[in-house]
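Listed here are the chains, written in short residue letters.
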Amino acid sequence: MRHRHLCTLALALGVTVLLDVLRVWLPSVITLFGRAAETPAELLGAFALGWFVLALAAPGLVRRLGVRPVGLAAAGVLAAVRLLLTAGPGGTAQLWLACAGLLAGLVWLAAAAALVDRPVAGLALGLAGNAVGHALLGTEDLVWRGGVLGWSLSVPLVLAFLAAAGLSATRRPATPSAGRRAWLLCGPALLLANQIALAPAVWSAAAGAGSPDFPGLARPAVPVLGGYAVLLFLAGVLLRMPTRLARVLWPVALVAGAVLFATGRLVPAYLLTAAGLGGCLALTDSTTDDAVAGADPDGRAAARRGRAAVVGMLVFAVATVAYYAAYDLGYPNGWVPVAAAVLVALVAFTGPPWSAPTLPDPARTWLLLGLTASAGLAAHLHAPPSDPRPGGPPGTVRVTAYNIRMGFGIDGRLDLDAVAGQLRGADVVLLSEVDRGWWLNGGHDTVALLAGRLGMPYVFAPAADPVWGDAVLTRFPVRSGRTRPLTAHGAPTGAQALGVTLDLGGRELAVVATHLQPPPGRDPVEQAREVAAFAGEYAAGRPLVLGGDLNTEPDDPAFAEFTRAGLVDALAAARPLRTSPADDPRTQIDHVLVSPGLTAAEVRAPRTEASDHLPVTLTVAFP
């Protein structure tokens, strides 16, 4: 294999391994260091950004000690951490291992930047390959799976990365003056790819986006548009069009895609962002760089590339923290992906003319077709369960309401098997804090993964943004649905009420799932009043079950809004029924209420640490 192609392979594999570590590090910072919003958002952000600031010293370290020793040592630590995380340590060990892996990955990037003058092909293949692998796994990474599958695929991946990194470190690039612009875009490209363009969970969420009159019903025939996103991204990177046209088309497409994402239009958002991001990366793929021209006898140009790579990753960290901190601090965050897209577009637009692709034509063709076909195949491998056929009317319905914290347990591990274990046996499941692609949580589609384990169709309704909200899973056919956004009343995180009508074989049941968001220091009285009014209107005299994380206790004014509306506390006979926090329950904030005439029995809140809340389960009997 030619040296340049070996560097491309090493970079692609390294980006894949680093992304795997990031998918553990990001949620670990939130669930373990942040402890479910107990840690102030400012302190949490400082902790996260500190690791990227520390990595600014990496280019100087590489220059003093040499590319090969620093790069190989960092690659070794990154690979070791990747395997140790597969063992699923959880808790404090997981947090600090992920931090060590992140820092090692940033140092390795600085060393790789000093060595590789044309990184675009490697970066693009790493991003696309990781996205395709994530899609084929149903958005549940090997790091979290463990077991035979996790280890049998993780070990070869890590060994291939180490071998390619070792071999590629034996020679210097031929043109040490190029590549700084491309390396600067490493971080912003990583953000835009995993938040929008190459996020399989976002593809899945967009496929069942529904409408306000019938939100988020997952259909058995899932579109394969995710494959088109991979195709557009790789075509933009690996193929070339006239430079004048490209300098206008790709930046405009990228910014337009980011704007559409900020407004909630997911399908055109990820398709345009994929095409624009690939094309903008290609515009920086040049063998010349006006800012750093000529030879590099003392390694200064290589150090500049390394510094550009680390600064680009710092931009990634700042943008990630700025976007998701909005859900704690309460400011508009749609500008963050747009700003990242504008930065990428400006760097691409002002760069020198692009050069011929580093990969030969046969390789480009087969990579483009192979990765696109694999992404399309993933959509069929993980189609949602079919809508069940109606049966005879049951006399009772088993209901479970559960705030699943995006599938992360008290130990900070993504353990959807443990969550599914708490839901088995239920006929109707009301879920709060459902994540369908938040990059902060690793980009998983938790509701689709749970639905697949349980064999239950689902309806999802967005709350905070298009891919985070509430869901209903059920064994009964879904006939209609409606969602209503709730007024914030000063709360930083958005909320909604989801109404779903179930066909119980000649009898209809109205179900309302919600997650109230109290303003700082206040009871969510206004939102409770809105939900109670919506539920009464939606049920229209039909039997009704309402539940979720209401963030209010039975004696609080917000809870009284539901009973004042005529609903009955279905858990009253089992009070006190404390549900939060799961490892030391002290508050009763997860509730189920029913319309008069329905009776509740077998009420429980089983002890589990699969989330930071306990589930509440009960059997609802009809008259």
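Each remark here, short or long, concerns the structure printed above.
Residues numbered from 1 in each chain as written. Predicted model: local features only at pLDDT ≥ 70, side-chain atom pairs only at ≥ 80, totals over all residues. Heavy atoms only, no water.

### Notes on the side chain of Thr8
In step 1: Locating Thr8 in the fold gives a position in helix α1 (residues 3-33).
In step 2: Beyond its immediate chain neighbours, meaning those up to four positions away, Thr8 contacts Ala121, Gly122, Leu125, Thr358 and Leu359. (Helix = DSSP H or I, 4+ residues; strand = E, 2+ residues; numbered from the N terminus. Contact = heavy atoms within 4.5 Å.)

### A few points about the nonpolar core
In step 1: In this structure, Trp25, Trp183, Phe233, Leu431 and Leu473 are the most contacted members of the largest nonpolar core, which totals 163 residues.
In step 2: Looking at this core element by element, the count peaks at 16 residues for α1.
In step 3: Formed by 30 residues, the second largest nonpolar core is a distinct cluster that contains Leu430, Leu502, Leu509 and Val511. (Core = buried A, V, L, I, M, F, W, Y, C linked by side-chain atoms within 4.5 Å. Buried < 20%, exposed > 50% of the residue type's maximum accessible area, 1.4 Å probe, protein only.)

### As for the pairing of strand β10 (residues 544-549)
In step 1: Most of β10 is tucked away: six of the six residues are buried.
In step 2: With six bridges joining them, strand β9 (residues 508-515) and β10 adopt parallel strand pairing. Bridge assignment links Val512 to a residue of β10, and that residue is Leu546.
In step 3: Where β10 and strand β12 (residues 590-594) come together, five bridges link them in antiparallel fashion. Within β12, the position partnered with Gly547 by the bridge is Val592. (Pairing = 2+ DSSP bridges.)

### Re unusual backbone geometry
In step 1: The linkage connecting Arg575 with the following residue, Pro576, adopts the cis geometry, with an omega of -5°.
In step 2: Secondary-structure assignment places Pro576 in the loop between β11 (568-569) and β12.
In step 3: Residue Pro581 is reached from Ser580 by a cis peptide bond, and omega for that bond is -10°.
In step 4: Relative to the assigned elements, Pro581 resides in the loop between β11 and β12.

### Examining helix α13 (residues 243-262)
Given 3.6 residues per helical turn, the α-helix brings residues three or four places apart onto the same face.
In step 1: Its 20 residues place the ends of α13 29 Å apart at the C-alpha level, agreeing with the 28 Å of an ideal helix rising 1.5 Å per residue.
In step 2: Those residues of α13 not exposed but buried are Ala246, Arg247, Trp250, Pro251, Ala253, Leu254, Gly257, Ala258, Leu260 and Phe261.
In step 3: Turning to α13, the residues buried within the fold contact α10 (186-197), α12 (225-238), α14 (266-283), α15 (300-329) and α16 (335-349).
In step 4: Following α13 by one or two positions, Gly264 adopts a phi angle in the positive range, close to 90°. (Expected span 1.5 Å × (residues − 1).)

### Some thoughts on the pairing of strand β3 (residues 396-403)
In step 1: Among the eight residues of β3, seven are classified as buried, and the element is accordingly described as predominantly covered.
In step 2: Pairing of β3 with strand β14 (residues 616-621) involves six bridges; the strand directions are antiparallel. Bridge pairing in β14 places Ala401 opposite Val616.
In step 3: Two elements, β3 and strand β4 (residues 428-435), share five bridges in a ladder whose sense is parallel.

### Things to note about the packing of aromatic side chains
In step 1: Under the definition given, this model contains 17 aromatic pairs.
In step 2: Seen in terms of ring centroids, Phe47 and Trp96 are 5.9 Å apart; in terms of plane orientation they differ by 80°. Their pairing is edge-to-face. You can see Phe47 sitting in helix α2 (residues 41-54) and its partner Trp96 sitting in helix α5 (residues 91-115), a full 49 residues away along the chain.
In step 3: What makes Phe47 buried here is its relative accessible area of 15%.
In step 4: These aromatic residues form a ring-pair network of at least three members: Tyr323, Tyr324, Tyr327, Trp438 and Trp468. (Phe/Tyr/Trp six-rings, centres within 6.5 Å; stacked < 30°, edge-to-face > 60°.)

Take it as geometry only, folks, not as evidence of what the structure does.
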